[in-house]
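# Commentary on secondary and tertiary structure
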Amino acid sequence: MRKFFVLMLVLSVTVVFFSACVQLNADVPEIKTAEDVLSKAWEAGADVKAAYEYNSAKAYLEAAKHEKEENDYDAARKFAAKAVEQANKALEKSK
C-alpha cells in the first residue's frame, strides 16, 4: 500500500512538472498577427490618417509583448487581440 502512495506522489509531481514546462514555452501567435496588421496600417499611412487608432494599436502590442515576457500569456493574448482590433480600425480609416 505504501508503494502505491509513493508511486502516485511521483506521478503527480511529474505531471505538474511537465505541465509547467509546456506553459513556459507557450507562444502567442496573436502578437504576430498584430504586427502584420500594424505594418499594413503603417504602409497605408495610418500613422497620419488614423493616428489615434494606430498609436493605440502600437501601445496594445507593446503591452502584449511585455506580458508575454512576464509569462502572462492570457493577458498577452488579450492585449494582442486589442492591438489587432485597433490596427484594423486604423487600416480601414486610412484607405
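Going by the structure above, here's the rest.
Residues numbered from 1 in each chain as written. Predicted model: local features only at pLDDT ≥ 70, side-chain atom pairs only at ≥ 80, totals over all residues. Heavy atoms only, no water.

Enumeration according to the criterion identifies 9 salt bridges in this entry. Residue Glu35 is joined to Lys65 by a salt bridge in which the shortest nitrogen-to-oxygen separation is 3.1 Å. In this pair, Glu35 sits in helix α2 (residues 29–43) while Lys65 sits in helix α4 (residues 51–69), placing the two residues 30 residues apart along the sequence. The partly exposed category is assigned to Glu35, whose relative accessible area is 30%. The class for Lys65 is partly exposed, based on a relative accessible area of 28%. One connected set of salt bridges, linked through shared partners, spans Glu30, Asp74 and Arg77. (Salt bridge = Lys/Arg side-chain N within 4 Å of Asp/Glu carboxyl O. Helix = DSSP H or I, 4+ residues; strand = E, 2+ residues; numbered from the N terminus. Buried < 20%, exposed > 50% of the residue type's maximum accessible area, 1.4 Å probe, protein only.)

What follows deals with α4. Every α-helix winds through 3.6 residues per turn, so residues three or four apart in the chain are directed the same way. Counted at 1.5 Å a residue, the expected span for α4 with its 19 residues is 27 Å, and the 27 Å between its end C-alpha atoms agrees. For α4, the set of buried residues is Glu53, Tyr54, Ser56, Ala57, Leu61, Ala64 and Glu67. Each buried residue of α4 sits inside an arc of 160° when the element is viewed along its axis, so together they form one side. Along α4, the residues that are exposed and aim more than 90 degrees away from the buried face are Tyr52 and Glu69. Here the buried face of α4 lies against α2, α3 (46–49) and α5 (73–93). (Expected span 1.5 Å × (residues − 1). Arc of directions from axis to C-beta. Contact = heavy atoms within 4.5 Å.)

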